[in-house]
Amino acid sequence: MLSVHFAPCALFVTGVLALVRAGSFSGRSDWQAVPPGGPVSALGLTATVTACAALLGLLLQPFQVRAVRVLRRWKSLRRRADRTAEKGAEIRMRADAGRRLAARPR
């Protein structure tokens, strides 16, 4: 879980926290305010990033298996749609796979 969920979530949380500290969501960014002022502030930011990344990783973990299954299904459909068809059933399978691929978001 550490390498699969925590590291990407920590990067995401760090980026969002930097945007919040810079004031980017209020219209004007002050990037001088992003770095912590002292060791206590740095420790607090590190604890915040660690806690938020762990929580986000735990919340997203159940969706990982579903996301991998969807990606594998799309890959299988793409292979089926690209296959050459000679018989009537194969042509229908290829057309069905192409229709399903066309319905998915880009």
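From a predicted model like this one, the values you see are computed outputs, not experimental measurements. (Residues numbered from 1 in each chain as written. Predicted model: local features only at pLDDT ≥ 70, side-chain atom pairs only at ≥ 80, totals over all residues. Heavy atoms only, no water.)

A. Representation of helix H2 (residues 39-82) in the model. At Gln61, H2 shows its largest kink, close to 45°, and the proline Pro62 lies no more than four residues downstream. Those residues of H2 that sit buried are Leu45, Val49, Ala53, Gly57, Leu77 and Ala81. (Bend = angle between axes of the 7 residues up to and from the residue. Helix = DSSP H or I, 4+ residues; strand = E, 2+ residues; numbered from the N terminus. Buried < 20%, exposed > 50% of the residue type's maximum accessible area, 1.4 Å probe, protein only.)

B. Expanded view of a nonpolar patch on the surface. A cluster of nonpolar side chains, Phe12, Val16, Leu19, Val20, Phe25 and Trp31, forms an exposed patch at the surface whose accessible area comes to about 620 Å². Residue placement: Val16 occurs in helix H1 (residues 2-22). Judged by relative accessible area, Val16 falls into the partly exposed class, the value being 32%. (Patch = residues over 30% accessible without salt bridge, like charges linked within 9 Å, V, L, I, M, F, W, Y side chains within 5 Å. Areas by Shrake-Rupley, 256 points an atom, 1.4 Å probe, with all protein chains shown as cover. Salt bridge = Lys/Arg side-chain N within 4 Å of Asp/Glu carboxyl O.)

C. The environment of Gln64, seen in detail. Relative to the helices and strands, Gln64 is located in helix H2. If we skip the residues at most four places from it in the chain, Gln64 touches Val4 and His5. (Contact = heavy atoms within 4.5 Å.)

D. Quick look at the UniProt feature "transmembrane region" (unreviewed entry) in the protein chain. Under the feature "transmembrane region" (unreviewed entry), the UniProt entry names residues 38-60. Secondary structure across residues 38-60 divides into 96% helix and 0% strand, with the first and last C-alpha atoms of the span separated by 32 Å. (UniProt positions renumbered as here; feature names shortened; annotations may be inferred.)

E. Structural context of the side chain of His5. Within the secondary structure, His5 is located in helix H1. According to the relative accessible area criterion, His5 is buried, its value standing at 9%. Among the polar contacts made by the side chain of His5, one reaches the side chain of Gln64 at a distance of 3.1 Å. The contacts of His5, once residues within four sequence positions are left out, are Gly57, Leu60, Gln61 and Gln64. (Polar contact = N/O pair within 3.5 Å; in protein donor to acceptor, adjacent residues only side chain to side chain.)

F. Quick look at the nonpolar core. With five residues, the main nonpolar core is built from Cys9, Ala10, Val13, Val49 and Ala53. Where this core is concerned, the elements lending two or more residues are H1 and H2. Filtering out sequence-adjacent residues up to four positions away, Val49 remains in contact with Ala10, Val13, Thr14 and Leu17. (Core = buried A, V, L, I, M, F, W, Y, C linked by side-chain atoms within 4.5 Å.)

G. The arrangement of the state of the cysteines in detail. Here the structure, examined in full by the defined rule, presents zero disulfides. Lacking any disulfide linkage, Cys9 is separated from the closest cysteine sulfur, that of Cys52, by 11 Å. Looking at Cys9, the relative accessible area reads 7%, which means it is buried. (Disulfide = S-S within 2.5 Å.)

H. Here's a closer look at a positive patch on the surface. Taken together, the side chains of Arg66, Arg69, Arg72, Arg73, Lys75 and Arg79 make up a positively charged region of the molecular surface. Here Arg73 shows up in helix H2. Residue class for Arg73 comes out exposed when judged on its relative accessible area of 51%. (Lys, Arg positive; Asp, Glu negative; His and termini not counted. Charge placed at Lys NZ, Arg CZ, Asp CG, Glu CD.)

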